[in-house]
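# Close look at the chain arrangement
So the chains spell out like this:
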Amino acid sequence: MKIVVKIGTSTLAYSSGRLNIRHTEELCKIISDLKNSGIEVIMVSSGSIGMGTGKLSLKERPSDMPTKQAAAAVGQCELMYTYDKLFSEYRHTVAQILVTAEDIQHPQRHKNFSNTLNRLLELGVIPIINENDTIATEEIGVGDNDTLAAVIATSAKADLLVLLSDIDGLYTANPNTDKNAKLITEVRELDDKIMALGGKSSSKLGTGGMKTKLSAAKICTDAGCDMIIANGADPSVLYKIADGKQAGTRFYAKRNG
Ligand code: GLU
């Protein structure tokens, strides 16, 4: 089984941008264990801008492009340092891959990327992918890691994409404002009613939100890959998922025939 796990900034860091040690340590431990059990894992990790914001002690996520990109350059280092250190404790090797939208769209570059990714998996490495935020600007970037993770999951022919966020899954309404909101545990068809449930991002440090998660679900399920949105606040949700138990919201792939 091959899974792509996307980790949002809100799972990795506090709203100040400082590392959430509890979540991150737990996550690396569980992913190491899943890997030991024979599951191939590719990670897509956000957090460069968020963690750069924390490391540079900026008051909030920067809004101007040069500061955002400077924060990303600092934060990406911090992010990989943290992953390398934590995964090493469980004897796992990580690799950093930074991509831009152009790398994905350009056939030859995409092929080079896939060759590297496959070789890393054969070598038993955990690839950790992020958008190259120091180069990608809003006009030319993928822009959010939910979409990036979906593109990577389909290109790597993964069985499943798991988006770890700060919410349990897709709700019938915004659970922060509506007490009657209910968790939708499975989605078999991404019809207009479901797509309309995507609101705007509410996280201070990340860029995603339910909207980007639903478009990621569309990319995945159209390409035959299941997708789950689950809460990264309890990384042990990954064990449930690996055991095929109900967790978060599962979007079922379109199956032919
Ligand atoms: N690539 C961005 C970062 O690492 C995150 C994008 C997103 O939150 O989706 O900060």
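Okay, so let's go over this structure. Predicted model only: the values in this text are computed from it and were never measured. Per-chain numbering applies: the sequence of each chain, read as written, is numbered from 1 onward. Totals for whole chains, interfaces and linings use all residues, but because this is a predicted model, local features are given only for residues with pLDDT of at least 70 and pairs of side-chain atoms are given and counted only at 80 or more. The side-chain figures draw on all heavy atoms in the structure; neither hydrogens nor water molecules are used.

### Remarks on the sheet that holds strand β5 (residues 160-165)
Two strands qualify as a pair provided DSSP detects at least 2 bridges between them. Counting from the N terminus, the helices are DSSP H or I runs at least four residues long and the strands are E runs at least two residues long. The strand order across the open sheet formed by 8 strands is β3-β4-β2-β1-β5-β7-β8-β6, and the pairing between neighbours is mixed. In this open sheet, the two strands that pair with only one neighbour each are β3 (94-99) and β6 (186-187). By the bridge criterion, 5 bridges tie strand β1 (residues 2-7) to β5 in an arrangement that is parallel. Counterpart to K6 in the pairing with β5 is L163. Along the sheet face, helix α4 (residues 65-88) touches β1, β2 (40-45), β3 and β4 (126-131) and points at about 155° away from the line of β3. Throughout, a residue-residue contact means that at least one pair of heavy atoms, one from each residue, lies within 4.5 Å. Axis lines are fitted to C-alpha atoms, over the contacting stretch for helices. Their N-to-C directions set the angle, which ranges from 0 to 180 degrees.

### Quick word on unusual backbone geometry
Residue R91 is not a glycine yet carries a positive backbone phi of 60°. Note on placement: R91 falls in the loop between α4 and β3. Three exposure classes are used, based on accessible area relative to the maximum for each residue type with a 1.4 Å probe and protein chains only: buried under 20%, partly exposed in between, and exposed over 50%. You can call R91 exposed: its relative accessible area is 73%. Even without a glycine there, the phi angle at K157 is positive, about 50°. Mapping K157 onto the fold places it in the loop between α7 (145-155) and β5.

### Some details on the pattern of salt bridges
The salt bridge definition used is simple: a Lys or Arg side-chain nitrogen within 4 Å of an Asp or Glu carboxyl oxygen. Evaluation of the coordinates by the stated rule reveals 9 salt bridges. In this structure, D146 and K6 form a salt bridge, with 2.9 Å as the shortest nitrogen-oxygen distance. Within this pair, whereas D146 is found in helix α7, its partner K6 is found in strand β1, the two being separated by 140 residues in sequence. You can call K6 buried: its relative accessible area is 6%.

### Overview of the packing of α7 against helix α9 (residues 210-222)
In contact at an axis separation of 8 Å, α7 and α9 are set at 10° when each is read in the N-to-C sense. Judged by the inter-axis angle, α7 sits roughly parallel to α9. Considering the relative orientation of α7 and α9, their crossing is right-handed. Each of D146, T147, A150, V151, A153 and T154 in α7 lies in contact with α9, whose residues at this interface are T212, K213, A216, I219 and C220. An angle below 35 degrees is treated as roughly parallel, one above 145 as roughly antiparallel, one from 65 to 115 as roughly perpendicular, and anything else as oblique. Take the far helix as your reference; a near helix turned counterclockwise from it by less than a right angle gives a left-handed crossing, and one turned clockwise gives a right-handed crossing.

### Section: the state of the cysteines
Disulfides are defined as pairs of cysteine sulfur atoms found within 2.5 Å of each other. Summed over all chains, the structure comprises 0 disulfides. C77 supplies the cysteine sulfur nearest to C28, a cysteine that is in no disulfide, at a spacing of 17 Å. Judged by relative accessible area, C28 falls into the buried class, the value being 1%.

### A closer look at the side chain of H23
Note that H23 resides in helix α2 (residues 21-36). Look at H23 and you get buried, because its relative accessible area is 11%. Not counting residues up to four positions away in its chain, the partners in contact with H23 are T11, G232, A233 and P235.

### Overview of the packing of α2 against α4
Their axes nearest at 9 Å, the elements α2 and α4 cross at an angle of 50°. Relative to α4, α2 is oriented oblique. Where α2 crosses over α4, the handedness of that crossing is right-handed. Here T24, E25, C28, I31 and S32 of α2 come into contact with α4, specifically with T82, Y83, L86 and F87.

### A closer look at the nonpolar core
Ranked by size, the top nonpolar core spans 36 residues in total, and within it I42, I129, L161, L170, M227 and F251 carry the most contacts. Those elements that place two or more of their residues in this core are β2, β3, α6 (107-122), α7, β5, α9 and β7 (226-231). Contacts of L170, omitting those with residues within four sequence positions, involve K182, L183, I184, V187, I194, L197, M210, L214, T249 and F251. Throughout, nonpolar core names a set of buried Ala, Val, Leu, Ile, Met, Phe, Trp, Tyr and Cys residues whose side chains join them through atoms within 4.5 Å. Membership of the second largest hydrophobic core comes to 31 residues, among which are A13, V41, M51 and L164.

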